[in-house]
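# Residue-level structural notes
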Amino acid sequence: MNPSMLIGRSEVRLDAQEKAEGTYVYGMDFSVPGSLEAVVLRSPVPHARIVKIDASRAESLRGVHAVILGRDLPHVFFNNNLEDQPFLARSVVRYHGEPMALVAAETRERAAEAAALIRVDFDPLPVLEDPELAMLPESPLIHPQWQSYVVDPQVRRGGNVCCHTILTRGDIEAGFALADIVVEGDYSTQSVHQGHVEPRVAIAESAGDGTITVYCNTQLPYWTRTQVARLMQMQEEAVRIVPLGIGGGFGSKLYAQIEPYVALLARRTGRPVRMVTSLEEELTAGLPRHPTRTHLKTGVMSDGTIVAHQTRMIIDAGAYAGSSLEIASIGALMLTGPYRLPNVRMDGFSVYTNKTNFGAYRGPGGPQSLFALEQHLDVLADALGLDPLELRLRNIAGDGDELANGQVLQGVGLREALLKAAAAIDWGAAAQANRGKGLALGWWTTTLQVSTVRASLEAGGKVRVRVGTPEIGTGAIMGGVPQIAAETMGIPMQDVIIEVADTGSGLRDWGSQGSRTAFNVGRAARAACQNLIAKILAAASGALGMEPEGLLLEDSRVSIRTDAGTCISLAALAATDAGGELIAEAVSNPEPARHKTERLSSAVYPAFHYPHFYCHACEVEVDPDTGQVRVLKYAAAHDVGHAINPALIEGQIEGGAIQGVGMAFMEDVRYRHGLRENCTWTDYKLPTIADAPDVESIIVEHPVPGEALFGMKGLGEAPVIPPPAALANAVYRAAGVRITSLPMSAERIWTALHARGSTEAESAEPQSSR
Amino acid sequence: MSAHRDVVLEVNGNRHALRVDPGATLLEVLRAELGLRGTKENCLEGECGACTVLVDGKAVNSCLMLAVRAEGKKITTIEGLARGGELHPVQRAFVEEGAVQCGYCTPGFIMSAVDLLESNPDPTDDEVDQGLAGNICRCTGYTRIRRAVHAAIRHGGEPA
């Protein structure tokens, strides 16, 4: 493999012009004539028994075509590692905003009017908001029937703890016995919402033959199909998911939400049915990031060598397990970091509370872990009298090092990322008054599993590349994949036609998520194009009178290697392909990373595949009178293995970093007495351009060996992970207060500044002992 | 439901005689009646800026303006910016500078930037930030949007 022509160049993505012209079709722009509009009736209370539900007035309203209640559904649950979530609440509601009923009507207004006429009598149950209280044995159970649920048998759980993950290595007590200094600390993180600008939307059509088609802006069509089929009690093949253009997902559009509902309503009414999740509903009951609380205790020798590292993370799962089981595993991997740690114990608890079931927001579990770990390491550095950069240089893993889970790293660009990010903010130079510098580093996974691509030669010598998963904005599908296909085929990028196929194509794909899209779909596209080239050379062989081995495909034509003048164009080959033979398919499904199974238990995500390494460094200024923070410099270095398209990579880094800035300072999904508080974008603050510093992106390239194309690693999620930690470390250096809870609002910083010196404030500070 | 009203709206230089619900927003009429779906819909309460259009040259959240109030004014949407198949310099800059990711906020940003540059052809970074602070982008982190606005200034404010 010799990437040369296009790989590594900042080509303009294929969808940019349509998007700038306003002609690109998103889910919200799609319509099916004659559609009914539907709404969800959501619980106004956080935890209650449904005593009685009466929909008769709603059903009799003119223009209403269907009202569906929980009791009308088959007794099935969403298909997670732990099957605990009904599609509609039946006898109990467990969070504010939980779906209780569906209404389809001629207009959305009429459907909403009908939903408001559904009378529900509740018998209140105790509300559990605090996961630490919820996990106490005497707490009431949110799922009294928890033992009856279908679950991945490896999962350790009990009562309100829906998963207890353990990671151990070495002998933790022996490690602490070796330590010269032991530092302990507690950190907590809030929930933040993905903040995609396009709402979630789905339209379903039921056909006369019993099949169902759902058009929707999902990130993961095949998994959505599984959920729709489950609720409809149909074979998956009878359900077709048609992915539409997506205006931002970040994990919010990963799991099925409204898609099964419109399918059900379409079958019930015999009409197409459309549903849009309003911003208020989205902010009330979407799938935002899991709140966490983390305790860390680390023993270090006076030379800075870490000898014992014990952590405990409590993950607020919300009312249903959802993806929280994975977060417990990811917490174990993130809290042990890409560090050389001989003696480790990590306990991750996912705990039910009466809140929305938190979900997979970009880099799930990542920012929460680093906010704790990377601040803790700065405290440790101070206790040792070491520069935080130096402490990290002494403990980070490199090529050949084994991490706590037993996986051995290769192609590690961490040291380079760390040094380059630090250099970009003049780490060694003293900061002025009220200013300070901070950094944070980490690692992240490239989610694997299947991607399938079909490539075909088309009229005019263009190549059609059909993929089974949509473009979600990153440019993986409309930038990276066509670039890889064009490179492989020896054609200009403009001659690649990308077609996002629906699930009827059979092009199975694990979706546009998990930093996997460019890695896996790109890999499948490369292989499909190589298979297509073999067929093209065979076809050209007859025309040119030369065996395929003697032929060369470049510049959109096949020529004889020894006689470049004797050639046939791809356009001519396409024109003679009457039988449609010039089509080829390939599947990518790489081997997962190896780890030591005996070190982990109840871990559904035990290793990071083709891991990516990064370091963010920043300088901030804190106004001592107001607590307001200004970010002066922000540098983000990412080891991507091999850069396919630097401009797209920098776009991911910049965008992720600013989402992380939002989490650090502004964003907060707030609950009070179990009720969601700030459900508009006036009250839930997202960074605007005026809040966003320019981000300096630094691309580091340490190719990873194995099955990775060109040595590349996944990128999309990682940039959101380190900002809260790096910024908190900088705030501490600037203002002398360590903020251990997110968000670091001006109010919280001001309060910490003014409480300094009082014993109450100090008791909350991380402690070290000699 | 109140009685419908007849209005004439001038959108992208074309006059459209329409019968609209007096409660209908300009956004609803643009998208549903005129099929101009480049103007995007999200919050419906003036927070996100995705629905920004120009009304007599000024950037307006079309979700907050009643369609009947737009009568007699010149409305420009994202579909009305290109001239003779040539992108407006602001559109071209967004494409070339990588300021487009998911793109859902892009039309609104471009309309706001066009308004900004017409009233202030050489804005400082702070003025760019103030001019575009009513639009939310969750993908780009804004670095490249800022860069695109400066590139558009270099391309010259007027369409080819």
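In this text, all values refer to a predicted model and were calculated from it rather than measured experimentally.

## Notes on the overall build of chain A
In terms of helices and strands, chain A carries 19 helices and 32 strands. A globule of 770 residues ought to have a C-alpha radius of gyration of about 27 Å, and chain A, at 27 Å, matches this closely. In terms of principal-axis extent, the alpha carbons of chain A reach across some 85 × 75 × 50 Å. Across the 770 residues in chain A, those meeting the buried criterion constitute 61%. Summarising the internal contacts of chain A: among those between residues at least 6 apart in sequence, 80% fall at separations of at least 24.

## Here we look at the overall build of chain B
For chain B, the count of helices and strands is five helices and five strands. Walking chain B from its N terminus toward its C terminus, one meets helices and strands in the order β-β-α-β-β-β-α-α-α-α. Projecting the C-alpha coordinates of chain B onto the three principal axes gives extents of approximately 50 × 30 × 25 Å. Here chain B holds 160 residues, and 56% of them are scored as buried. Intrachain contacts of chain B at a sequence separation of at least 6 include 60% that bridge at least 24 residues.

## A closer look at helix H13 (residues 476-489) of chain A
Residue and element names in this part refer to chain A. Helix length check: H13 (14 residues) gives 18 Å between terminal C-alpha atoms against 20 Å at 1.5 Å per residue, within 8%. Burial within H13 is extensive, with 14 of its 14 residues counted as buried. Backbone geometry just downstream of H13 places Gly490 in the positive-phi region, at approximately 70°.

## Describing the pairing of strand E1 (residues 5-11) of chain B
All names here are of chain B. Taken together, the seven bridges between E1 and strand E2 (residues 14-20) define a ladder with antiparallel strand orientation. Looking across to E2, one finds that Leu9 is bridged to His16. Between E1 and E2, which pair antiparallel one after the other, the connecting turn spans two residues, and Asn12 there sits at a positive phi close to 55°. Here two bridges tie E1 to strand E5 (residues 74-76), and the two strands are oriented parallel to one another. Residue pairing in the sheet places Val11 in a bridge with Ile75 of E5.

## Examining the sheet that holds strand E18 (residues 435-444) of chain A
Residue and element names in this part refer to chain A. The four strands lie next to each other as E18-E27-E28-E31, forming an open sheet whose pairing is mixed. Edge positions in the open sheet fall to E18 and strand E31 (696-700), since each of these has one partner strand only. Taking each pair of neighbouring strands and ignoring which way they run, the sheet shows an average axis angle of 15°. Its contacts with the sheet place helix H16 (residues 646-665) against strand E27 (612-622), strand E28 (629-639) and E31, and it is angled at close to 135° to E28.

## Examining the interface of chain B and chain A
Between chain B and chain A, the contact holds 41 residues from the first and 43 residues from the second. Elements with a minimum of two residues in the side of chain B that touches chain A: helix H2 (89-96), helix H3 (106-119), helix H4 (125-132) and helix H5 (143-155) of chain B. Residues of the side of chain B that touches chain A, tallied by class, amount to 20 nonpolar, 11 polar and 10 charged.

## Remarks on the environment of Cys163 of chain A
Residues and elements named next belong to chain A. Of note, Cys163 is situated in strand E9 (residues 161-169). Given 28 C-beta atoms within a 10 Å radius, Cys163 is considered buried. Sequence separation between Cys163 and Val604 is 441 residues; the distance between their C-alpha atoms is 9.8 Å. Excluding residues that lie within four positions of it along the chain, Cys163 makes contacts with Val155, Arg157, Ala321, Ser324, Leu325, Ala328, Ser350 and Ser602.

## What to know about the domain arrangement of chain B
Residues and elements named next belong to chain B. Under the domain assignment used here, chain B contains domain 1 (5-79) and domain 2 (89-155). A separation of 21 Å is found between the C-alpha centroids of domain 1 and domain 2. Contacts between the two partners involve 14 residues from domain 1, matched on the other side by 13 residues from domain 2. Those elements that provide at least two residues to the side of domain 1 that touches domain 2 are strand E3 (52-55) and strand E4 (58-61). Counting residues per element, the side of domain 1 that touches domain 2 draws most heavily on E3, at three residues. Of the residues that constitute the side of domain 1 that touches domain 2, the class distribution is seven nonpolar, five polar and two charged.

## Some details on the nonpolar core
Residues and elements named next belong to chain A. Ala38, Val103, Val262, Ala421 and Val731 are the most contacted members of the largest nonpolar core, which has 311 residues in total. Among the elements that take part in this core, helix H14 (residues 517-544) stands out by supplying 14 residues, more than any other. Every residue in contact with Ala421, bar those within four places of it in the chain, is listed here: Leu439, Cys615, His616, Ala617, Ala635, Ala636, Ala637 and Ile698.

## Observations regarding unusual backbone geometry
It is generally the case that most residues other than glycine have a negative phi and that most peptide bonds are trans. Of the consecutive residues Leu742 of chain A and Pro743 of chain A, the connecting peptide bond is found in the cis state with omega at -5°. Following the sequence through the fold, Pro743 of chain A ends up in the loop between helix H17 (723-735) and helix H18 (746-755). Located in the positive-phi region is Asp56 of chain B, a residue other than glycine, with phi close to 50°. Assessed through the 11 C-beta atoms surrounding it within 10 Å, Asp56 of chain B is described here as exposed. Its identity as a non-glycine residue notwithstanding, Tyr142 of chain B has a phi of 75°, on the positive side. With respect to the element layout, Tyr142 of chain B can be found in the loop between H4 and H5. The class of Tyr142 of chain B is buried, set by 29 C-beta atoms lying within 10 Å.

## Structural notes on H16 of chain A
Over its 20 residues, H16 of chain A extends 29 Å from the first C-alpha to the last, a length consistent with the 28 Å expected when each residue adds 1.5 Å. Counting buried positions along H16 of chain A gives 18 out of 20 residues, so the element sits mostly inside the fold.

## Observations concerning the sheet that holds strand E5 (residues 92-93) of chain A
Residues and elements named next belong to chain A. Ordered in space as E5-E2-E7, the three strands form an open sheet in which the pairing is antiparallel. Single-partner strands in this sheet number two, and they are E5 and strand E7 (119-124). Inspection of the sheet shows strand E2 (residues 48-54) paired to E5 by two bridges, in the antiparallel sense. The residue of E5 that forms the bridge with Arg49 is Val92.

## Let's talk about the packing of H13 of chain A against H14 of chain A
A pair of packed helices is characterised by two quantities: the angle between their axes and the separation of those axes. All names here are of chain A. Between H13 and H14, the least distance of the axes is 9 Å, while the angle of their chain directions is 30°. By the angle between their directions, the pair H13 and H14 is classed as roughly parallel. Handedness of the H13/H14 crossing: right-handed. Contacts between H13 and H14 involve Ala476, Ile477, Gly480, Val481, Ile484, Ala485, Thr488 and Met489 from the former and Thr517, Ala518, Val521, Gly522, Ala525, Arg526, Cys529, Gln530 and Ile533 from the latter. Of the residues assigned to the contact of H13 with H14, the class counts are 11 nonpolar, five polar and one charged.

## Some details on the pairing of E9 of chain A
All names here are of chain A. Both E9 and strand E17 (residues 344-352) contribute to a ladder of eight bridges, which runs antiparallel. Paired with Val161 across the two strands is Val351, which belongs to E17. In terms of strand pairing, E9 meets strand E26 (residues 600-601) through two bridges, oriented antiparallel. The residue bridging Leu167 from the neighbouring strand is Leu600, located in E26.

## Here we look at the domain arrangement of chain A
Residues and elements named next belong to chain A. Each assigned domain of chain A is listed with its residue range as follows: domain 1 (31-125 + 200-276), domain 2 (356-369 + 385-446 + 606-769) and domain 3 (449-588). The interface of domain 1 with domain 3 comprises 15 residues on the first partner and 14 residues on the second. Residue classes in the side of domain 1 that touches domain 3 are distributed as nine nonpolar, four polar and two charged.

## Observations regarding the packing of H16 of chain A against H17 of chain A
Residues and elements named next belong to chain A. It is at 8 Å that the axes of H16 and H17 come closest, and there the two elements cross at 60°. Comparing their axes, H17 and H16 come out oblique. Where H16 crosses over H17, the two elements pack in a sense that is right-handed. Here Ala657, Gly660, Val661, Met663 and Ala664 of H16 come into contact with H17, specifically with Pro723, Pro724 and Leu727. Residues of the contact of H16 with H17, tallied by class, amount to seven nonpolar, one polar and no charged.

Cut-offs used in this document
Residues numbered from 1 in each chain as written. Chains lettered and ligands numbered in written order. Predicted model: local features only at pLDDT ≥ 70, side-chain atom pairs only at ≥ 80, totals over all residues. Helix = DSSP H or I, 4+ residues; strand = E, 2+ residues; numbered from the N terminus. Rg over C-alpha atoms; globule rule 2.2 N^0.38 Å. Buried ≥ 20, exposed ≤ 12 C-beta atoms within 10 Å, placed from the backbone. Contact = placed C-beta atoms within 7 Å. Expected span 1.5 Å × (residues − 1). Pairing = 2+ DSSP bridges. Axes fitted to C-alpha atoms, helices over the stretch in contact; angles between N-to-C directions. Nonpolar A, V, L, I, M, F, W, Y, C, P; charged D, E, K, R; others polar. Domains from an automatic or database assignment. Core = buried A, V, L, I, M, F, W, Y, C linked by C-beta atoms within 7 Å. Parallel < 35°, antiparallel > 145°, perpendicular 65-115°, else oblique. Left-handed = near helix turned anticlockwise from the far one by under 90°.

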